[in-house]
Protein chains: 2
Amino acid sequence: MAGYASGEQPDNELTIKLNTNENPYPPSPQVSNVLSQIKPESLRRYPPATAQKFRQLAAELHGLDLKNVIATRGGDELLRLVITTFVDPGEKIGMTDPTYSLYSVLAQIQDCPIVNAPLLADWTLPEEFAQSMNDQKVRLTFLVNPHAPTGALMPIDQISKLASKLNSILLLDEAYIDFVDHHYQTAQLVKEHDNLIILRTLSKGYSLAGLRFGYGLADQSLIAPMLHKTRDSYNLDFISQRVAEAAIADQDHVRANAKKVILERDRLRAELHVLGIYCADSQANFLLATIPDTIKFSAAELYQKLKDRHVLVRYFNAQRLDNKLRVSIGTGEENDQLLSTLVDILKQS
Amino acid sequence: MAGYASGEQPDNELTIKLNTNENPYPPSPQVSNVLSQIKPESLRRYPPATAQKFRQLAAELHGLDLKNVIATRGGDELLRLVITTFVDPGEKIGMTDPTYSLYSVLAQIQDCPIVNAPLLADWTLPEEFAQSMNDQKVRLTFLVNPHAPTGALMPIDQISKLASKLNSILLLDEAYIDFVDHHYQTAQLVKEHDNLIILRTLSKGYSLAGLRFGYGLADQSLIAPMLHKTRDSYNLDFISQRVAEAAIADQDHVRANAKKVILERDRLRAELHVLGIYCADSQANFLLATIPDTIKFSAAELYQKLKDRHVLVRYFNAQRLDNKLRVSIGTGEENDQLLSTLVDILKQS
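Keep in mind the model is a prediction, meaning the values are calculated, not measured. (Residues numbered from 1 in each chain as written. Chains lettered and ligands numbered in written order. Predicted model: local features only at pLDDT ≥ 70, side-chain atom pairs only at ≥ 80, totals over all residues. Heavy atoms only, no water.)

A. Representation of the pattern of salt bridges within the structure. As enumerated under the stated definition, the model contains 38 salt bridges over all chains in all. Here R200 of chain A makes a salt bridge to E174 of chain A, at a shortest N to O gap of 3.0 Å. On the criterion of sequence distance, the pair formed by R200 of chain A in strand β7 (residues 196-201) and E174 of chain A in the loop between β6 (169-173) and α7 (189-192) is long-range, its members being 26 residues apart. A residue is classified by how much of its surface remains accessible, and R200 of chain A, at 7% relative accessible area, is buried. Classification of E174 of chain A by relative accessible area gives buried; the value is 1%. A cluster of three or more residues bridged by salt bridges with shared partners is formed by R73 and D237 of chain A together with R73 and D237 of chain B. (Salt bridge = Lys/Arg side-chain N within 4 Å of Asp/Glu carboxyl O. Helix = DSSP H or I, 4+ residues; strand = E, 2+ residues; numbered from the N terminus. Buried < 20%, exposed > 50% of the residue type's maximum accessible area, 1.4 Å probe, protein only.)

And the structure:
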């Protein structure tokens, strides 16, 4: 099997990086304060083992209890913990097609067969999704919402119904939830559904992909075995706990950044439309752009031509995605440069 | 099964913490410099995925190649990766008795039966150790050297012979290697033995337990599957990579701290001997002290009496260890306070 392929890193400083959905704006100014206050002496000792202070802040933010929260090294660690804690090798893991590519890699590492359910043409779930997963005795179902790589958002009541119908654990990956343009809170669902685990990360909405910090919300019957048994004893270092505490406490900053990203997302979508490139409605910090037949370059060619001109976007060499490009929302300047570069390239056709 | 029990944390600032083998001296002053130079903006992006710069520094330090090094979130992550990458559930994992208690916890998480080999009375390996592991078809053998919780050091040629004889992978845990009082380098052994993985950590010798940073050295056939397949995609955050690079580059600081610890270790051992408390020869930053029958308190009672007086040491409620206390080496002042507190307690008998 092949491991997970990390996002391409640019080879020079000039490159505009719109390929791995990082937040274009800096993290909370509180992060600076925290970093300047850390005494090297405090690194001498083991860090708080379960990141209790961060977990308390997350619990308060979501109206839940400390026991409903596990803090993890990015969302990645939570995904791995959910699989290794609740799914034995040989048991099935369900997911949609397409979805975040890490899920299938992690399933293969655990030797778990994958049950794929193709999304409908508008990237929504097929009606029979839960029944199909149950029929195939799926033990764990992965769902990313807003969806990657399309940005489509599922209504909350649909998630609730899905959790009710599924016999499996439902891992709801909310990596991009901070970019939804209206009030949208699912955390209380974990009080109703003891098979639901909500994944959150500080990588996107909090502009802290480099920090590797995320968390899970769930009924304590799901949190406890991960928190007290399968998790590495000290999974989160002292510095990142301090930084994460400061970041999650500064919700105003998260909302202000998200608002800027949303405005740019909607502008970029409109401008791409003018160029004949249509993007599905996205509630995330990226757009999935369909390259129409009227453009003489394929998506793969366009990806390469953009890269040659120092604009990095994401091309998926996969069925249903091979005429599309995923573009992370950059700053206004970055998006302008993407657009003007595209115009230059299209002039050649 | 029970999870790993993390070291007891003191409930107040007055407590002298000699129970979890942390380094009593601060980390390299370079750590401060690095922390002050980190720009929050740099946390916006994903960190280098394989910590290449740190791995290059570690490779140079040990006279090995980049491909022989994996960087991990503390030694813990390496231990887990070795098990999940190379041992299937149901396959056997071998270890000595006693040894570091995390090994058996990790084996249980992977559903692997444990093969225990009792150490001899002087805490050395029995002659037939390798043969016994081979006979029982052990797939992975854990060995901690200097040994925990005794501090006993195994000769390098014995390790080499063991690696040759064993059919299993040999994980050599060198968490405490920086406190050996003479030249002692095993890294070159990985060139001769493609079944040997050496574990190193920055938690002890580098005074960075709070950072969660370690690494593994091995033949590239063992490193590659962990580095490229089973490791979490971004296991090490940006800040800790920068700090670890600065720390491993400052070997003078590590050696200077180790020298102070060694002097204190030998002094404390001599002073305890004067009190009638004998410690095995230790090459680590702790002593395993045997509480003799001539003292009216048991080891468990002494542990509690010390704790009541704000001195925390480690008591193992385990066969062969229940008349012993493990004492981490503190600063001169901390060791003095341990000694004077002990004298006070013993006066009562």
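B. Main features of the side chain of S168 of chain B. Residues and elements named next belong to chain B. In this fold, S168 is placed in the loop between α6 (156-165) and β6 (169-173). Here T141 takes part through its side chain, which lies 2.8 Å from a polar atom of the side chain of S168. Beyond its immediate stretch of four places on either side in the chain, S168 contacts N134, V138, R139, L140, T141 and N195. (Polar contact = N/O pair within 3.5 Å; in protein donor to acceptor, adjacent residues only side chain to side chain. Contact = heavy atoms within 4.5 Å.)

C. Structural detail: the confidence of the model for chain A. Averaged over every residue, the pLDDT of chain A is 95; the share at 70 or more is 98%. The ipTM value of the predicted complex is 0.95, and its pTM value is 0.96. (pLDDT = per-residue confidence, 0-100.)

D. Seen up close, the sheet that holds strand β5 (residues 138-144) of chain B. All names here are of chain B. One open sheet holds the seven strands; their spatial order is β2-β8-β7-β6-β5-β3-β4, and the pairing between them is mixed. Lying at the two open borders of the sheet, with one neighbouring strand each, are β2 (69-72) and β4 (114-118). The sheet shows a mean angle of 20 degrees between the axes of neighbouring strands, taken without regard to direction. With five bridges joining them, strand β7 (residues 196-201) and strand β8 (residues 214-218) adopt antiparallel strand pairing. Of the residues in β8, the one forming a bridge with L199 is G216. (Pairing = 2+ DSSP bridges. Axes fitted to C-alpha atoms, helices over the stretch in contact; angles between N-to-C directions.)

E. Up close: the packing of aromatic side chains. Residue and element names in this part refer to chain A. Counted by the stated rule, this structure contains 14 aromatic pairs over all chains. Ring geometry for Y176 against F286: centres 4.9 Å apart, planes inclined by 85 degrees, an arrangement best described as edge-to-face. Of this pair, Y176 sits in the loop between β6 and α7 while F286 sits in strand β10 (residues 286-290), and the two are 110 residues apart along the sequence. Taken individually, Y176 and F286 each receive the classification buried, so the pair is uniform in this respect. In textbook terms, an aromatic cluster arises when at least three aromatic residues are bridged by ring pairs, as seen for F54, F213 and Y215. A cation over a ring is seen here: R326 above F286, with NZ or CZ 5.7 Å from the ring centre. (Phe/Tyr/Trp six-rings, centres within 6.5 Å; stacked < 30°, edge-to-face > 60°. Lys NZ or Arg CZ within 6 Å of the ring centre and 35° of its normal.)

F. The arrangement of the nonpolar core in detail. Grouped together as the largest cluster of nonpolar side chains are 114 residues, with contacts concentrated most on F54 and I239 of chain A together with F54 and I239 of chain B. Filtering out sequence-adjacent residues up to four positions away, I239 of chain A remains in contact with L35, I38 and L43 of chain A together with L35, L211, I239 and V243 of chain B. Membership of the second largest hydrophobic core comes to 63 residues, among which are A175, L199, V261 and I291 of chain A. (Core = buried A, V, L, I, M, F, W, Y, C linked by side-chain atoms within 4.5 Å.)

G. Region of interest: the interface of chain B and chain A. Contacts between chain B and chain A engage 54 residues on the former and 54 residues on the latter. Surface buried jointly by chain B and chain A totals about 4500 Å² across both partners, of which 54% is contributed by carbon and sulfur atoms. Taken together, the links from chain B to chain A amount to four salt bridges. With a shortest N-O distance of 3.4 Å, D237 of chain A and R73 of chain B are connected by a salt bridge. Viewed at the interface, chain A and chain B are joined by 22 residue pairs in polar contact (both at pLDDT 80 or more). Of all the secondary structure elements, the ones that give two or more residues to the side of chain B that touches chain A are α1 (30-37), α3 (74-86), α4 (102-109), α8 (220-230) and α9 (238-249) of chain B. When grouped by side-chain class, the residues that make up the side of chain B that touches chain A number 26 nonpolar, 14 polar and 14 charged. (Buried area = accessible area lost by both parts, 1.4 Å probe. Nonpolar A, V, L, I, M, F, W, Y, C, P; charged D, E, K, R; others polar.)

H. Region of the structure containing α6 of chain B. Residue and element names in this part refer to chain B. Listed as buried for α6 are I159, S160, L162 and A163. One face of α6 carries all of its buried residues, which in axial projection span an arc of 160 degrees. The exposed set on the far side of α6, more than 90 degrees from its buried face, consists of K161 and S164. Packed against the buried residues of α6 are α5 (129-135), β5, β6 and α7 (189-192). (Arc of directions from axis to C-beta.)

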